[in-house]
Amino acid sequence: MDGIASILVVDDNPKYLKDALPMYGYDVTVAEDGIEALKILSGEKEHFDLILLDVMMPNMDGWDTLKAIRKNPKTQYIPVIMITAVSEDQKIVSGLKIGADDYIVKPFILPNLLARIEAVLRRSKWQSESIAKKETKINKNVNIDALTPKEKEVLALVAKGASNQEIAEQLFVQDVTVKTHLNSIFKKLKVSNRTQAVLLAMEINLIN
């Protein structure tokens, strides 16, 4: 994984994971039951790459929490690993059918959990990139000539990973001007974000 993955730990006894996971480079937020987890997930600025969800919790158990996560358009695609003390195959299968991406049975050893976390995050990243590539292919017939020289320059800097502030400094313009250029680029290329714009530009050889 590139960058720091953000994990929501939903567990009524979260101390072990709360203390251990940051040591391995993860940003951890804790909820001690399903109700608290759903409140956190409803926050507009909250974004999580993965949810570790305990099954046995007060107020709202893991199964009901998982159902609510999968019903919400904002959270339905966040990968979820169930943490359970129940090892019956039937219940594990039921959890996978509801929408769990993986599970781990307590008591577990930390390296096992870390391996599962890395595998699920890796699959999620591949899926996101695959979707982005498919979306850009649909828009291959966009009119590239519609981009101004300045917009092409901004897009090239975006492709190099430059932030809005860095682009503004290099082009000697204000941040708001960069945002205006980006909005115009997205509209002309018929995309909705930076990743899609860069992928499309690379596919049609607009940038190298």
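Our structure is the block above this text.
Notes on the structure in this doc start here. (Residues numbered from 1 in each chain as written. Predicted model: local features only at pLDDT ≥ 70, side-chain atom pairs only at ≥ 80, totals over all residues. Heavy atoms only, no water.)

## A look at the packing of aromatic side chains
The test is simple: Pairing of aromatic rings covers Phe, Tyr and the six-membered ring of Trp, with a centre-to-centre limit of 6.5 Å; geometry is then stacked below 30 degrees between planes, edge-to-face above 60, and tilted otherwise. We call a charge positioned over a ring when the NZ of a Lys or the CZ of an Arg lies within 6 Å of the ring centre and within 35 degrees of the ring normal.
Summed over the entire model, instances satisfying the criterion amount to zero aromatic pairs. Here the guanidinium or amino end of Arg116 rests over the ring plane of Tyr103, the centre of that ring lying 5.8 Å away.

## Some remarks on the sheet that holds strand E1 (residues 6-10)
Defined as follows: Strand pairing is assigned whenever DSSP identifies at least 2 bridges connecting the two strands. Think of it this way: any DSSP run of H or I at least four residues long counts as a helix, any run of E at least two long counts as a strand, and we number them from the N terminus. Axis definition: a line fitted to C-alpha atoms, limited for helices to the stretch in contact. Angles are taken between N-to-C directions and run from 0 to 180 degrees. The contact criterion used is simple: two residues touch if any of their non-hydrogen atoms lie within 4.5 Å.
Read from one edge of the open sheet, five strands run E2-E1-E3-E4-E5, paired in parallel fashion. Each end of this open sheet is capped by a strand with a single partner; those strands are strand E2 (27-31) and strand E5 (102-105). Direction aside, neighbouring strands of the sheet carry axes that sit 20 degrees apart on average. The pairing of strand E3 (residues 50-54) with strand E4 (residues 80-84) spans four bridges and is parallel. The residue of E4 that forms the bridge with Asp54 is Ile83. Packing of helix H2 (residues 34-41) onto the sheet brings it into contact with E1, E2 and E3, and relative to E2 it is tilted by some 130 degrees. Docked against the sheet, helix H3 (residues 62-71) engages E3 and E4, running at close to 150 degrees with respect to E3.

## Comments concerning the pairing of E4
Spelled out, the test is: For each residue, the accessible area found with a 1.4 Å probe, counting protein chains only, is set against the maximum for its type, and the residue is called buried under 20%, exposed over 50%, and partly exposed in between. Look down the strands so they point away from you; if going from the first strand over the helix to the second traces a clockwise path, that crossover is right-handed.
Of all five residues that make up E4, five are buried, and the element is covered over most of its length. Judged by which residues are buried, E4 turns out to be covered on both faces: Val80, Met82 and Thr84 on one side and Ile81 and Ile83 on the other are all buried. The handedness of the E3 to E4 crossover, carried by H3, is right-handed. As defined by bridge partners, E4 adjoins E5 across four bridges and the pair is classed as parallel. Within E5, the residue paired with Ile81 across the bridge is Asp102.

## Remarks on the pattern of salt bridges
Put simply, the rule is: Here a salt bridge means any side-chain nitrogen of Lys or Arg lying within 4 Å of a carboxyl oxygen belonging to Asp or Glu.
Counted under the stated rule, the structure contains six salt bridges. As a salt-bridge pair, Asp101 and Arg70 come within 3.0 Å of each other at their nearest N and O atoms. Separated by 31 residues along the polypeptide, Asp101 in the loop between helix H4 (89-98) and E5 and Arg70 in helix H3 bring together distant segments of the chain. Across the pair Asp102 and Arg116 runs a salt bridge whose closest N-O atoms are separated by 2.9 Å. Taken as a pair, Asp102 in strand E5 and Arg116 in helix H5 (residues 110-138) lie far apart in primary sequence, 14 residues in all. Since its relative accessible area comes to 26%, Arg116 is described here as partly exposed.

## Observations regarding the packing of H2 against H3
Formally: Here the angle decides the label: under 35 degrees means roughly parallel, over 145 means roughly antiparallel, 65 to 115 means roughly perpendicular, and every other value means oblique. It is the rotation of the near helix from the far one that decides the hand of a crossing: anticlockwise by less than a right angle makes it left-handed, clockwise makes it right-handed.
Between H2 and H3, the shortest axis-to-axis distance is 9 Å and the interhelical angle comes to 20 degrees. With respect to each other, H2 and H3 are oriented roughly parallel. H2 and H3 meet at a crossing whose hand is right-handed. Contact with H2, carried on its side by Gly34, Leu38 and Leu41, involves Thr65, Ala68 and Ile69 of H3 and no other residues of that element.

## A few points about the layout of surface pockets
Put simply, the test is: Cavities and pockets were defined on a 1 Å grid built from protein atoms only: a cavity is a group of points that admits a 1.4 Å probe but offers it no way out, a pocket is an open group of points flanked by protein on both sides within 12 Å along at least five of seven lines, and a lining residue is one with an atom within 4 Å of any such point. Grid points are joined across faces, edges and corners, and a volume is the space filled by probe spheres set on the points. Polar here means any residue outside two lists: the nonpolar Ala, Val, Leu, Ile, Met, Phe, Trp, Tyr, Cys and Pro, and the charged Asp, Glu, Lys and Arg; Gly therefore counts as polar.
Roughly 170 Å³ of internal volume is contained in the second largest pocket. In this structure, the second largest pocket is lined by Asp11, Asp12, Asn13, Tyr16, Leu17, Ile83, Lys106, Pro107 and Phe108. Considering only residue class, the lining of the second largest pocket consists of five nonpolar, one polar and three charged.

## Let's talk about the nonpolar core
Condition: The term nonpolar core refers to a set of buried residues drawn from Ala, Val, Leu, Ile, Met, Phe, Trp, Tyr and Cys, joined through side-chain atoms within 4.5 Å.
Ranked by internal contacts, the top residues of the largest apolar core, which has 20 residues, are Leu21, Tyr26, Leu52 and Ile117. When residues of this core are traced back to their parent elements, those giving at least two are E1, helix H1 (15-20), E3, E4 and H5. In terms of residue count, the dominant contributor to this core is H5 (six residues). Not counting residues within four places of it along the chain, the set of residues in contact with Leu52 comprises Ile7, Leu8, Val9, Val10, Leu17, Leu21, Ile81, Ile83, Leu113 and Ile117. Counting residues in hydrophobic clusters, the runner-up holds 19 residues, among them Val158, Ile167, Val178 and Ile185.

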